[in-house]
Amino acid sequence: MSVAKDSNNKKVTVHTLENMALKGEKISMITAYDYSMAKLVDASNIDVILVGDSAANVMAGYDTTLPITLDEMIYHAASVVRAVNRALVVVDMPFGSYQGNSKMALQSAIRIMKETSANAIKLEGGQEVIESISRILSAGIPVMGHIGLTPQSINKFGTYAVRATSHDEAERVLEDAKALEKAGCFALVLEKIPAELAKRIAEELTIPVIGIGAGCHTDGQVLVLHDMLGITQDFSPRYLRRYLSLGDEIRGAIRQYSADVKSGNFPNEKEQY
Ligand code: KIV
């Protein structure tokens, strides 16, 4: 599959990503949570849109991703899917919708696919979620794994610091990566781990490995939309590149509008009937 063909509207599938990784073509992935932003993202040559449970932070203002519910994720995902023609849409399974009970995991995944028409789901964890992953895959639902820093386990780890800096934890993350590939995940997100470890994992796996704070050797990269656009301004991890200061732009525009209303400058004669 050529890059040119992909940039023209051909729907991205899990097989497209597999082929891209095999050919060494980098995969771009970004989050979106609503119709209007997803429409802009889909028109911007992005391969994968993640309806992340980071919606809990950037859309709902929670400190962690734990409170967002399955119903709320479905609402966000259905809004995104209505906007998207080209990108593959992956939906995060929220905390509490899959851990420890593979039957519930399958029911949650089926609800996401049925009620949103998304293309795949993502869930956090390694060997401890393999049973849930296998059950979801048995229903024909593609699964993306997510290891390294797993924000749904913040209460276990106590910090959002970089993970797998010790030899033992690095080996565990590598074993988890292999287990997820073996279980049938079509791709894997590695969050906030040393670049050298991410390189090793990307080399040892054949499925696409997408990094966030995991260096430049992975098959692709993912960022949270509101962070890279500069809508959120109080979150500045080393890995985050801000492509815009949209927060400043928005504040400036709204201040100007308010001033225009108060001064009687808006609306003018051409802006009325
Ligand atoms: O929820 C999210 O946005 C994510 C990305 C950080 C990978 O899981």
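Note that this is a predicted model, so its numbers are computed, not measured. (Residues numbered from 1 in each chain as written. Predicted model: local features only at pLDDT ≥ 70, side-chain atom pairs only at ≥ 80, totals over all residues. Heavy atoms only, no water.)

1. Considerations on the site of the ligand
Put simply, the rule reads: Residues are counted as near a molecule or strand when any one of their heavy atoms sits within 4 Å of it. Polar contact is defined as a pair of N or O atoms within 3.5 Å, subject to the rule that within protein one atom must be able to donate a hydrogen and the other to accept it, and that residues adjacent in sequence are counted only when both atoms are side-chain atoms. Computed by Shrake-Rupley with a 1.4 Å probe, the accessible areas treat only the displayed protein chains as cover when residues are assessed. Under the scheme applied, nonpolar residues are Ala, Val, Leu, Ile, Met, Phe, Trp, Tyr, Cys and Pro; charged residues are Asp, Glu, Lys and Arg; polar residues are all the others, including Gly.
Near the ligand the following residues occur: Thr31, Leu50, Gly52, Asp53, Ser54, Asp92, Lys122, His146, Glu191, Ile212 and Val224. In the model, an oxygen atom of the ligand is placed 3.1 Å from a nitrogen or oxygen of the Asp92 side chain. The protein chains hide 95% of the 260 Å² of surface that the ligand would expose on its own. In the shell around the ligand, the residues fall into three nonpolar, four polar and four charged.

2. With respect to the nonpolar core
Let me state the cut-off plainly: Buried Ala, Val, Leu, Ile, Met, Phe, Trp, Tyr and Cys residues that are joined via side-chain atoms within 4.5 Å together make up what is termed a nonpolar core. Partly exposed residues are those whose accessible area sits between 20% and 50% of the maximum for their type, while under 20% is buried and over 50% is exposed, using a 1.4 Å probe and protein chains only. Secondary structure elements are defined from DSSP: runs of H or I of at least 4 residues count as helices, runs of E of at least 2 residues count as strands, and each element is numbered from the N terminus. Two residues qualify as a contact provided that any one of their heavy atoms is within 4.5 Å of a heavy atom in the partner residue.
By size, the foremost hydrophobic cluster in this structure holds 62 residues, and its most contacted members are Ile121, Leu123, Ile136, Leu188, Leu190 and Ile201. With seven residues, helix α5 (residues 70–83) is the single largest residue contributor to this core. If we ignore the near neighbours within four places in the chain, the residues touching Ile201 are Val173, Leu174, Ala177, Leu188, Leu190 and Ile193. If you look at the next biggest cluster of nonpolar residues, it comprises 18 residues, including Met29, Val48, Ala187 and Val189.

3. Focus: the packing of aromatic side chains
Convention followed: Whether two aromatic rings pair depends on their centres lying within 6.5 Å, for rings of Phe, Tyr and Trp, where Trp uses its six-membered ring; planes under 30 degrees apart make the pair stacked, over 60 edge-to-face, and the rest tilted. Placement of a positive charge over a ring is assigned whenever Lys NZ or Arg CZ falls within 6 Å of the ring centre and within 35 degrees of the normal to the ring plane.
Applying the stated criterion across every chain, the model contains one aromatic pair. With centroids separated by 5.8 Å and ring planes inclined at 65°, the aromatic side chains of Tyr257 and Phe266 adopt a geometry described as edge-to-face. On the basis of relative accessible area, Tyr257 is assigned to the partly exposed category, the value being 48%. In this structure, Arg163 packs its charged tip against the face of Phe157, placed 3.7 Å from the ring centre.

4. Concerning unusual backbone geometry
Here the bond from Phe266 into Pro267 is cis, since omega is -5°, no more than 30 degrees from zero. Its place among the elements puts Pro267 in the segment after α12 (246–263). A positive phi angle, near 60°, is found at Ser117, a position not held by glycine. Along the chain, the position of Ser117 falls in the loop between α6 (102–116) and β4 (120–122). The backbone of Lys192 shows a phi angle near 50°, a positive value even though the residue is not glycine.

5. Section: the packing of α5 against α6
The test is simple: Working convention: axes come from line fits to C-alpha atoms, limited for helices to the stretch in contact. Angles between N-to-C directions cover 0 to 180 degrees. Handedness of a crossing is defined here by the sense of rotation of the near helix relative to the far one, left-handed for an anticlockwise turn of less than a right angle and right-handed for a clockwise turn.
Their axes nearest at 9 Å, the elements α5 and α6 cross at an angle of 35°. Handedness of the crossing formed by α5 with α6: right-handed. Only Ser108, Arg111, Ile112, Glu115 and Thr116 of α6 make contact with α5, whose side of the interface consists of Leu70, Asp71, Ile74, Ala77, Ala78 and Val81. Split by residue class, the contact of α5 with α6 holds six nonpolar, two polar and three charged.

6. Here's the deal with helix α9 (residues 167–183)
Heads up, the condition is: A helix is expected to reach a length of 1.5 Å times the quantity of its residues less one.
For α9, which comprises 17 residues, the first-to-last C-alpha distance of 24 Å matches the rise-based estimate of 24 Å (1.5 Å per residue) to within 8%. Residues Glu169, Ala170, Val173, Leu174, Asp176, Ala177, Ala179 and Leu180 constitute the buried set of α9. Buried residues in α9 make contact with α7 (130–138), β5 (143–148), β6 (187–191) and α10 (195–204). Looking one or two residues beyond α9, the residue adopting positive phi is Gly184, at roughly 115°.

7. A closer look at a nonpolar patch on the surface
Operational definition: Within this analysis, patches are made of residues with over 30% relative accessible area and no salt bridge. Like charges are joined at 9 Å or less; nonpolar side chains (Val, Leu, Ile, Met, Phe, Trp, Tyr) at 5 Å or less. Basic side-chain nitrogens of Lys or Arg form a salt bridge, by our definition, when they fall within 4 Å of a carboxyl oxygen of Asp or Glu.
A grouping of Tyr257, Val261 and Phe266 is seen on the molecular surface, where their side chains present a nonpolar patch of about 290 Å² in accessible area. Note on placement: Tyr257 falls in helix α12.

8. Here we look at α6
Within an α-helix, residues lying three or four positions from one another point in the same direction, as the helix has 3.6 residues per turn. In this model α6 runs 21 Å from its N-terminal to its C-terminal C-alpha over 15 residues, within 8% of the 21 Å that 1.5 Å per residue would give. Capping the start of α6, Asn101 holds a side-chain oxygen 3.1 Å from the backbone nitrogen of Lys103, two or three residues further along. Phi turns positive, to about 60°, at Ser117, one or two residues after α6.

9. Description of the environment of Gly211
Along the polypeptide, Gly211 turns up in strand β7 (residues 209–212). With relative accessibility at 0%, the residue Gly211 sits in the buried group. Linking Gly211 and Arg238, residues 27 residues apart in sequence, is a C-alpha distance of 14 Å.

10. Structural notes on the sheet that holds strand β3 (residues 88–92)
This is how the line gets drawn: Paired strands, in this sense, are two strands between which DSSP finds at least two bridges.
With parallel pairing, the eight strands of this closed barrel are ordered in space as β1-β2-β3-β4-β5-β6-β7-β8. Going across the sheet, the axis of each strand differs from the next one's by a mean of 25°, ignoring polarity. By the bridge criterion, five bridges tie β5 to β6 in an arrangement that is parallel. Considered in β6, the bridge of Gly148 is made with Glu191.

11. So, the environment of Leu205
Among the structural elements, Leu205 can be located in the loop between α10 and β7. Considered as a pair, Leu205 and Glu181 are 24 residues apart in the sequence and their alpha carbons are 7.2 Å apart. Ignoring anything within four residues of it in the chain, the contact list for Leu205 reads Ala177, Lys178, Glu181 and Leu188.

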